[in-house]
Each structure stands twice: as structure tokens, then as C-alpha cells.
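Tertiary structure, described
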Amino acid sequence: MSPHSPDERCPNHESHPQQTTPEDGRTPITRRQFVVGATTAVTAGLAGCLNSGRNNDAPAPITIPTTATCDVCGMTITQQPGPTAEIFYADAQPNDHDNPARFDSTWEAFQFDFQHDNWTREAFYVTDYSAVDYDIQTDGGQQLLSTHYEQEAFADATDITYVVGSSVVGAMGEDLIGFSDRTDAQAFREEYGGDLATFDDVTPSLISSFGM
């Protein structure tokens, strides 16, 4: 993917210089641990977002099945690195399977949602890297973020601060890496570069810059 200036990335971003990717290797280069409350605290009060507003009766996130494939690229989600996501739609069967639609990258989830704006979104969940003990490993000169697809790892996408365009990649290259704790997002950005964005900052124009 080609570099993007901060202004092209997020209109309301907080910019930070891009970091340099380390040399090739296959051993873990860092392990950040964020102390959070019990797992029940992660899921308690999670609410999705209807197209017309927040829905207190939104379906809860689920663990993505080990054989589930991404509704955009078709890859097996649990076998890929990086953020995962799931979206519930009212009265819809994404790609002829039961809800939720599921994805092996955050940006593909947003892309799918933008393309299905005639569907009623009931809930949108993304991996919350404030709620998991994640790894970053190097492989082929890339810094790969660990994947987390368990129910407890998901948080409401509208409550997340995203690090956009860091040197850390997932299944589909650069991604939006989400944190429920903004200070965690700031710390990640300071170490790996990128911009900070909220849910409302994520536009079709921004998403179109991914996967290029």
C-alpha cells in the first residue's frame, strides 16, 4: 500500500511520524500487556449501533467459528493475523449464512458496511486490543499483529479509538487497530506510528485507501 499523508488519512486525526519496520526475523519483537477488568467487564453493556442510533437490545458479540471465512476476501479468519470484526444486520443473511457478517480485517468490515447501507445495522464489533494480551511478530520484514476472535475480545466499534496506518499489519496489510482505552491507542501510535481516528472519522474515502 502506498504511503498517505495525515490529511489524506483522517481529517480529524492526531498525526505521528511513521516508524521504521525492523529487519527480517521470526521471533516475537515485543509483547505489550494491558491490564483490564474481568472479561465480563469487557462485554458488559456492549451495545451496537443502529443506522438511526444506538440500540440497547443489540445482539451480543460471538466467538468467530474456527472455519468461518471473511465475507469480503474469503480467507479463513482464525488463520490470519491482525484485527477481526463482525457486524449484525436486521433480517439479513450475509453471503447466505446466519448473522453476523465476519471479517479478517477492520477495514474490510467498514467497506462491507458502506456497501450495504441499505441494510439495517444492529451491532458492529471489532477486536479491542485494550482487552487482550497481544503479540507483534516479524515475518518477512513485516510486523504482524496477533489475531483475537473470541467473544470477550470484541467491543462496540463506535466506542473505539483506531490507530490508522501504523507499521503493524494484519491479514490485509495496513489496518485500523482498535483500542477501547484511548491511552493504549496513543501508546501504540507512539511506538508504531500512524494516526488516531474515531468511528466517525472512518469514511468511504479513508477505507478506499486500504488494500492498494
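Residues numbered from 1 in each chain as written. Predicted model: local features only at pLDDT ≥ 70, side-chain atom pairs only at ≥ 80, totals over all residues. Heavy atoms only, no water.

Below, the discussion takes up the pattern of salt bridges. Inspection of the entire model under this criterion finds one salt bridge. Here R121 makes a salt bridge to D113, at a shortest N to O gap of 3.1 Å. A residue is classified by how much of its surface remains accessible, and R121, at 9% relative accessible area, is buried. (Salt bridge = Lys/Arg side-chain N within 4 Å of Asp/Glu carboxyl O. Buried < 20%, exposed > 50% of the residue type's maximum accessible area, 1.4 Å probe, protein only.)

This next bit is on helix α3 (residues 106-115). When you tally the buried positions in α3, you get seven out of 10 residues, the bulk of the element. Those residues of α3 lying buried are T106, W107, E108, A109, F110, F112 and D113. Its buried side turned inward, α3 meets β4 (85-89), β5 (101-103), β6 (121-127), β10 (161-164), β12 (176-179) and α5 (204-208). (Helix = DSSP H or I, 4+ residues; strand = E, 2+ residues; numbered from the N terminus. Contact = heavy atoms within 4.5 Å.)

With antiparallel pairing, four strands are arranged side by side in an open sheet as β5-β4-β6-β9. Whereas interior strands pair on both sides, the edge strands pair on one side only; in this sheet they are β5 and β9 (154-156). With direction set aside, neighbouring strand axes in the sheet form an average angle of 25°. Summarising the sheet, β4 and β5 pair through three bridges and their orientation is antiparallel. (Pairing = 2+ DSSP bridges. Axes fitted to C-alpha atoms, helices over the stretch in contact; angles between N-to-C directions.)

Where burial is concerned, the two faces of strand β8 (residues 142-145) differ: the one with Q143 and L145 is buried and the one with Q142 and L144 is not. Relative to β8, strand β7 (residues 134-139) runs antiparallel, the two being bridged by four bridges. Within β8, the position partnered with Q137 by the bridge is L144. In this structure, β8 lies alongside strand β11 (residues 168-169), joined through two bridges in parallel fashion. Across the sheet, the residue bridging to Q143 is V168, located in β11.

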